[in-house]
Amino acid sequence: MNTMELLDGLQRKALEDRAVREKLLATRSDKEPLQSFCKACRELGYEIYPMELIAAGEDFHAQMKRSTNGGGENSPMLDGEDDFYEMFLAALEE
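Residues numbered from 1 in each chain as written. Predicted model: local features only at pLDDT ≥ 70, side-chain atom pairs only at ≥ 80, totals over all residues. Heavy atoms only, no water.

Our next topic: the pattern of salt bridges. Side chains carrying opposite charge are able to pair once their charged atoms draw close together. Going through the model one piece at a time under the given rule, you end up with 3 salt bridges. Among the ionic pairs, Glu86 bridges to Arg28, the shortest N-O distance being 2.9 Å. Here Glu86, found in helix H5 (residues 84-93), pairs with Arg28, found in the loop between helix H2 (18-25) and helix H3 (33-43); they are 58 residues apart in sequence, far enough to count as distant. The exposure class assigned to Glu86 is partly exposed, which follows from its relative accessible area of 32%. When salt bridges with common partners are traced through the structure, they connect Arg28, Glu86 and Glu93 into a single cluster. (Salt bridge = Lys/Arg side-chain N within 4 Å of Asp/Glu carboxyl O. Helix = DSSP H or I, 4+ residues; strand = E, 2+ residues; numbered from the N terminus. Buried < 20%, exposed > 50% of the residue type's maximum accessible area, 1.4 Å probe, protein only.)

Below, the structure is given as structure tokens:
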């Protein structure tokens, strides 16, 4: 499974299980939130590592920009637009 598929599965699990959701949301207050999040993911059986998560966000954002703008996008990225960690946690809070 790729990182997106792992995150989708983890999100479904977190939305069904309050303890999992709280564990993942609590990583925001850690000294190294991304490291803590990925460690929690692995403890839950989802092999997600920081650089994979960062790369997945950047790749997804680049693909989206290319597909909607004919491949030649020069606009600056908005803050957090490729941050899958924060987007994942925001989805859990809704």
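The discussion continues.
This part takes up the packing of H2 against H5. The description of two packed helices rests on the angle between their axes and on the distance between the axes. Following both chains from N to C, one finds H2 and H5 inclined at 140°, their axes separated by 10 Å at the closest point. Considering the angle they form, H2 stands oblique to H5. Relative to H5, H2 is oriented so that their crossing is left-handed. On H5, the residues touching Arg21, Leu24 and Leu25 of H2 are Phe88, Leu89, Leu92 and Glu93. (Axes fitted to C-alpha atoms, helices over the stretch in contact; angles between N-to-C directions. Parallel < 35°, antiparallel > 145°, perpendicular 65-115°, else oblique. Left-handed = near helix turned anticlockwise from the far one by under 90°. Contact = heavy atoms within 4.5 Å.)

What follows concerns the side chain of Arg21. Along the chain, Arg21 falls in helix H2. Summary of buried charges: Arg21 has no salt-bridge partner, and the nearest side chain of opposite charge, Glu22, is 4.6 Å away. Excluding residues that lie within four positions of it along the chain, Arg21 makes contacts with Ala14, Leu15 and Leu92. (Lys, Arg positive; Asp, Glu negative; His and termini not counted.)

Here is the idea: a disulfide is a covalent bond, and it sits between the sulfur atoms of two cysteines. Tallying each qualifying case throughout the model produces 0 disulfides. Unpaired in terms of disulfides, Cys38 finds its nearest cysteine sulfur in Cys41, a separation of 5.6 Å. (Disulfide = S-S within 2.5 Å.)

As a further point, take the packing of helix H1 (residues 3-16) against H2. Running from N to C, H1 and H2 point in directions that differ by 115°, and their axes come no closer than 5 Å. Seen from H1, the contacting residues are Leu10, Lys13, Ala14, Leu15 and Glu16; seen from H2, they are Arg18, Val20, Arg21 and Leu24. Tallied by class, residues from the contact of H1 with H2 come to 5 nonpolar, no polar and 4 charged. (Nonpolar A, V, L, I, M, F, W, Y, C, P; charged D, E, K, R; others polar.)

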